[in-house]
Amino acid sequence: MSLGQVTVGNPAISCRIVALRIAVCLTSLIMGSAAQAKFAVCNQTFDVVNVALGQFERGAFETNGWWTIGPNQCANVIDTPLTARYIYVFAQDVFGREILTGSVSMCVAPDRFTIREETQCLTRGYLEARFHEVDTLRTERWTLFLYPPP
């Protein structure tokens, strides 16, 4: 007998099959939630924003971008459990206005990028941006909300 068939003749078997189906559904829901974002960015502004991330990995800083996030939308930018305590975020709207900046200089590029090392951006052909440091307090999940600048 497959899981897709239910025999009406024996109520005990029918109940077991229903219970098994419920268990399979619950397991898939639990496994699905394990794939949820571990670092999400939610755009609470009125414009589309582009987001770049930086973090210390394998002995050096690495920046990645861009995630484009619409107004009142969220993007899952890191989908594995966080291992770094600090995540660095830079965000600008589609007009180039900075939405979130900080004091940590790192490299970005105009198009999609992954850049290793945060120094000498201009001499290596990249742009320099000032990233905001987010202290995740060593949690495995974090959501950052972007608000319009004052």
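Here the structure is shown first, and the text comes after it.
Rules used throughout
Residues numbered from 1 in each chain as written. Predicted model: local features only at pLDDT ≥ 70, side-chain atom pairs only at ≥ 80, totals over all residues. Heavy atoms only, no water. Pairing = 2+ DSSP bridges. Helix = DSSP H or I, 4+ residues; strand = E, 2+ residues; numbered from the N terminus. Disulfide = S-S within 2.5 Å. Buried < 20%, exposed > 50% of the residue type's maximum accessible area, 1.4 Å probe, protein only.

Enquirer: So what exactly am I meant to see when it comes to the pairing of strand β9 (residues 127-135) here?
Expert: Looking along a regular strand, one sees side chains alternate from face to face of the sheet. As defined by bridge partners, strand β5 (residues 86-93) adjoins β9 across four bridges and the pair is classed as antiparallel. Across the sheet, residue I87 finds its bridge partner in β9, namely V134. Here five bridges tie strand β7 (residues 104-108) to β9, and the two strands are oriented antiparallel to one another. Among the inter-strand pairings, M106 is bridged to a residue of β9, identified as A129.

Enquirer: I'm lost on the state of the cysteines in this one. Help?
Expert: By definition, a disulfide links two cysteine residues through a covalent bond between their sulfur atoms. Under the counting rule described, the total for this entry stands at two disulfides. Between the sulfur of C42 and that of C74 lies a disulfide, 1.9 Å long from S to S. The disulfide joining C42 to C74 has a torsion of about 105° about its S-S bond and is therefore right-handed. Separated by 32 residues along the polypeptide, C42 in strand β1 (residues 39-43) and C74 in strand β4 (residues 73-78) bring together distant segments of the chain. With a sulfur-sulfur separation of 2.0 Å, C107 is cross-linked through a disulfide to C121. Judged by the sign of its S-S torsion, about -90°, the cystine formed by C107 and C121 is left-handed.

Enquirer: Sorry, what's going on with unusual backbone geometry here?
Expert: Most of the time, phi is negative for any residue but glycine, and the peptide bond is trans. Following G65, the chain continues to W66 via a peptide bond in cis, the omega torsion being 0°. Within the element layout of this structure, W66 appears in strand β3 (residues 60-69). Here R138, not a glycine, exhibits a phi torsion of approximately 65°, which is positive. You can see R138 is positioned in the loop between β9 and β10 (142-146). According to the relative accessible area criterion, R138 is exposed, its value standing at 64%.

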